[in-house]
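So you can see what is in the structure, the chains are spelled out below.
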Amino acid sequence: MRTTLLLLLSNLFMTTAWYWHLKYKETSLWQVILISWLIAFFEYCIAVPANRIGSYEFNAFELKTIQEVVSLAVFVAFAVIYLKEEVKWNYLVGFAFIILAVFFIFKKW
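What you see is a predicted model; the values in this text were computed from it and never measured. (Residues numbered from 1 in each chain as written. Predicted model: local features only at pLDDT ≥ 70, side-chain atom pairs only at ≥ 80, totals over all residues. Heavy atoms only, no water.)

Undergrad: Looking at this model, I keep getting lost on the nonpolar core. Mind explaining?
TA: One finds Leu-7, Ala-50, Phe-58, Leu-63, Ile-66, Val-70 and Val-74 forming the largest nonpolar core, which totals 7 residues. The contact partners of Phe-58, leaving out residues within four places of it in the chain, are Leu-63, Ile-66 and Phe-106. Listed in part, the 6 residues of the second largest apolar core include Ala-17, Trp-20, Val-32 and Ala-40. (Core = buried A, V, L, I, M, F, W, Y, C linked by side-chain atoms within 4.5 Å. Buried < 20%, exposed > 50% of the residue type's maximum accessible area, 1.4 Å probe, protein only. Contact = heavy atoms within 4.5 Å.)

Structure follows, in C-alpha cells:
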C-alpha cells in the first residue's frame with residue numbers, strides 16, 4: 001500500500017508537470033519547460049523511493065503495471081477536473097482492456 005500511495009503522489013506531480021500548461025498557451029515554451037522540469041523534480045524524489053520500496057514486494061513488471069494504472073487514474077481525474085475534458089465511451093473501453101492487462105500481469109499462473 002505504501003508503494004501505491006507514493007506512486008499516486010508522484011503521479012500527481014508528473015501529470016501536473018506534463019499537462020498544467022495546456023490551459024496557458026500564451027506562456028512561452030521555454031518557461032513551460034522550465035516550470036515543468038521543476039515540478040518533475042519532486043516527482044522523481046517520490047517515484048524513485050516508491051519503486052525502491054516496492055521492489056521488496058513486487059517485481060519490475062508488477063511495479064510498472066501499478067505505475068501505469070495509477071498514472072492513468074490520476075490523468076483521468078486531472079483531465080476531467082482541471083482541463084474540463086469529458087470521458088468518452090471509447091476511453092472506458094480502452095481502460096477496461098488495461099484492467100484486463102493488470103489481471104494477466106498479477107495472475108499467478
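Undergrad: I'm lost on unusual backbone geometry in this one. Help?
TA: Of all residues except glycine, most have a negative phi; of all peptide bonds, most are trans. The backbone phi angle of Lys-84 is positive, close to 60°, even though this residue is not glycine. With respect to the helices, strands and loops of the structure, Lys-84 is situated in the loop between helix H3 (60–81) and helix H4 (89–106). Take Lys-84: its relative accessible area is 65%, and that puts it in the exposed class. (Helix = DSSP H or I, 4+ residues; strand = E, 2+ residues; numbered from the N terminus.)

Undergrad: Which parts of the structure should I look at to understand helix H1 (residues 2–19)?
TA: In an α-helix, one turn spans 3.6 residues, which is why side chains three or four residues apart end up on the same side. Here H1 spans 26 Å end to end across 18 residues, near enough to the 26 Å set by a 1.5 Å rise per residue. Turning to H1, its buried residues are Thr-3, Leu-7, Ser-10, Asn-11, Met-14, Thr-15 and Ala-17. Axial view of H1: buried residues confined to an arc of 150°, hence all on one face. (Expected span 1.5 Å × (residues − 1). Arc of directions from axis to C-beta.)

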